[in-house]
Amino acid sequence: MKMQKTKQNEHAVSPVVGVMLMLVVTIIIAAVVSSFAGGLVGTQHKAPQATLDCQITWDNGVMSGVPGPIFTMKHLGGDPINTKDVKLVTSWANATGIYNMQSTVAPVWGTQAATYVSGGSGAGPGTSNYTLSSLNTHETYYGAVEYYNAPYLVVPGSYPTGTGFAANDTVLWFGNYIFRAGDVIQANTDNTVSGTGNSQNQATPIIKYGNLLTGNDIVNVQLIDLKSGTTIYDKDVNVEM
């Protein structure tokens, strides 16, 4: 009789133990998954948050010799923005409905030195390892051949090809500076007007066919964080004539 009761007790206990083991295993798995998910959240890139303002004004060419738009963006406050991690996108449609879009990203570092400013009245020759084809500005300025990436960081007394020394010039190029509160970045008509004439851009202006803009046109300007895909800035900007 005792033998039968013992066996009955064993049969009664076994399912309980099995259920408890399953609960323990489930809890352990849940803890591991939760820890892994928390780690993923912790390592996700957070896009910078900043208040920016953008203006596109028309330059009649009296000073520059080339009529066209001037692009200006100001950082009014918030997080610093590393321009190597963002993409600037401009787009607009003309009166006939043709849509024009242009993207600007950081320049590409190459394996060989290339001359980015030389000849004429420039301070060159100046060399850097940035691939010339990745720079969105290529102009001839009174005999000087210049390459750089716009919009450049505005620093009083400095210009992105002003010295011929890469350590001074290339730090002003888009993709190489951190855009901080109080900073101003700009693309002159040199960067926005296509052509082969003096001070006309032979590369890729930041506004496609910017020289065709009129006072009735609106340019959409976006600054997009490349790591997260988050749009930091998005505004329709009226062209000021």
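Refer to the structure above for everything that follows.
Before going into details, it helps to say that this report is about the structure given with it. Bear in mind the structure is a predicted one, so any value in this text is a computation, not a measurement.

## Some points on the side chain of Glu 146
Then, in step 1: Mapped onto the elements of the fold, Glu 146 is located in strand E9 (residues 144-148).
Then, in step 2: Buried and unpaired, Glu 146 has no salt bridge, with Lys 74 as the nearest side chain of opposite charge at 24 Å.
Then, in step 3: Of note is the side chain of Glu 146, whose polar atom sits 3.3 Å from the side chain of Thr 161.
Then, in step 4: Not counting chain neighbours up to four residues away, the residues in contact with Glu 146 comprise Tyr 116, Val 117, Thr 137, His 138, Glu 139, Tyr 141, Tyr 159 and Thr 161.

## So, the packing of aromatic side chains
Then, in step 1: Enumeration over the complete set of coordinates arrives at 8 aromatic pairs.
Then, in step 2: Relative to Tyr 130, the ring of Trp 109 has its centre 4.8 Å away and its plane inclined at 85 degrees; by these criteria the two rings are edge-to-face. Here Trp 109 is found in strand E6 (residues 109-118), whereas its partner Tyr 130 is found in strand E7 (residues 126-130), with 21 residues between them in sequence.
Then, in step 3: Their ring planes at 80 degrees and their centres at 5.4 Å tell us that Tyr 116 and Trp 173 sit as a pair that is edge-to-face. Here the residue Tyr 116 occupies a position in strand E6, and Trp 173 occupies one in the loop between helix H2 (166-169) and strand E11 (178-179), the gap between them amounting to 57 residues.
Then, in step 4: Given the relative accessible area of 0%, Tyr 116 is considered buried.

## Some details on the pairing of strand E13 (residues 218-225)
Successive residues of a regular strand alternate their side chains across the two faces of the sheet.
Then, in step 1: Within E13, 6 of the 8 residues are buried, which leaves the element mostly enclosed by the surrounding structure.
Then, in step 2: Strand direction decides the pairing type here: strand E4 (residues 86-93) and E13, joined by 6 bridges, are antiparallel. In the strand pairing of E13, Val 86 is matched with Asp 225.
Then, in step 3: Direction of pairing for E13 relative to strand E14 (residues 231-240): antiparallel, over a ladder of 7 bridges. By the bridge assignment for E14, Ile 224 is matched with Thr 231.
Then, in step 4: Between the end of E13 and the start of E14, which pair antiparallel, lie 5 residues, with Gly 229 showing a positive phi angle near 80 degrees.

## Looking at the environment of Thr 90
Then, in step 1: Summarising the element assignment, Thr 90 is placed in strand E4.
Then, in step 2: Each C-alpha atom, one on Thr 90 and one on Leu 223, is 9.0 Å from the other, the two residues being 133 residues apart in sequence.
Then, in step 3: Those residues within four positions of Thr 90 in sequence are excluded, and the remaining contacts are Asn 100, Met 101, Gln 102, Ile 206, Ile 207, Val 219, Asn 220 and Val 221.
Then, in step 4: From its side chain, Thr 90 meets the backbone oxygen of Ile 206 in a polar contact 2.5 Å long.

## Digging into the pattern of salt bridges
Then, in step 1: Counted under the stated rule, the structure contains 3 salt bridges.
Then, in step 2: Residue Lys 235 pairs with Asp 53 through a salt bridge whose shortest N-O separation is 3.4 Å. Of this pair, Lys 235 sits in strand E14 while Asp 53 sits in strand E1 (residues 50-59), and the two are 182 residues apart along the sequence.
Then, in step 3: By relative accessible area, Asp 53 is classed as partly exposed at 24%.
Then, in step 4: The residue Lys 84 makes a salt bridge to Asp 85 at a minimum N-O spacing of 3.2 Å.
Then, in step 5: Through salt bridges with shared partners, a single ionic network connects Lys 84, Asp 85 and Lys 227.

## Things to note about the environment of Ser 158
Then, in step 1: Following the sequence through the fold, Ser 158 ends up in the loop between strand E10 (152-153) and H2.
Then, in step 2: Taking the relative accessible area as the measure of exposure, Ser 158 reaches 36% and is therefore partly exposed.
Then, in step 3: Spatially, the C-alpha atom of Ser 158 lies 8.0 Å from that of Asp 169, the residues being 11 residues apart in sequence.

## Quick look at the pairing of E6
Then, in step 1: Two elements, E6 and E7, share 4 bridges in a ladder whose sense is antiparallel. Residue pairing across strands places Thr 115 opposite Thr 127, the latter belonging to E7.
Then, in step 2: Where E6 meets E9, 2 bridges bridge the pair, whose relative direction is antiparallel. In the sheet register, Val 117 faces E9, and the bridge partner there is Glu 146.

## Quick word on the sheet that holds E10
What links the strands of a sheet is backbone hydrogen bonding, and the strands pair in either a parallel or an antiparallel sense.
Then, in step 1: As summarised here, the arrangement of the 8 strands in space is E5-E4-E13-E14-E1-E2-E12-E10, forming an open sheet in which the pairing is mixed. If you trace the sheet from one side to the other, it starts and ends with strand E5 (99-104) and E10, each paired once.
Then, in step 2: Alignment of strand E2 (residues 68-78) against strand E12 (residues 184-187), held across 4 bridges, turns out to be antiparallel. The residue of E12 that forms the bridge with Phe 71 is Ala 187.

Calculation criteria
Residues numbered from 1 in each chain as written. Predicted model: local features only at pLDDT ≥ 70, side-chain atom pairs only at ≥ 80, totals over all residues. Heavy atoms only, no water. Helix = DSSP H or I, 4+ residues; strand = E, 2+ residues; numbered from the N terminus. Buried < 20%, exposed > 50% of the residue type's maximum accessible area, 1.4 Å probe, protein only. Lys, Arg positive; Asp, Glu negative; His and termini not counted. Salt bridge = Lys/Arg side-chain N within 4 Å of Asp/Glu carboxyl O. Polar contact = N/O pair within 3.5 Å; in protein donor to acceptor, adjacent residues only side chain to side chain. Contact = heavy atoms within 4.5 Å. Phe/Tyr/Trp six-rings, centres within 6.5 Å; stacked < 30°, edge-to-face > 60°. Pairing = 2+ DSSP bridges.

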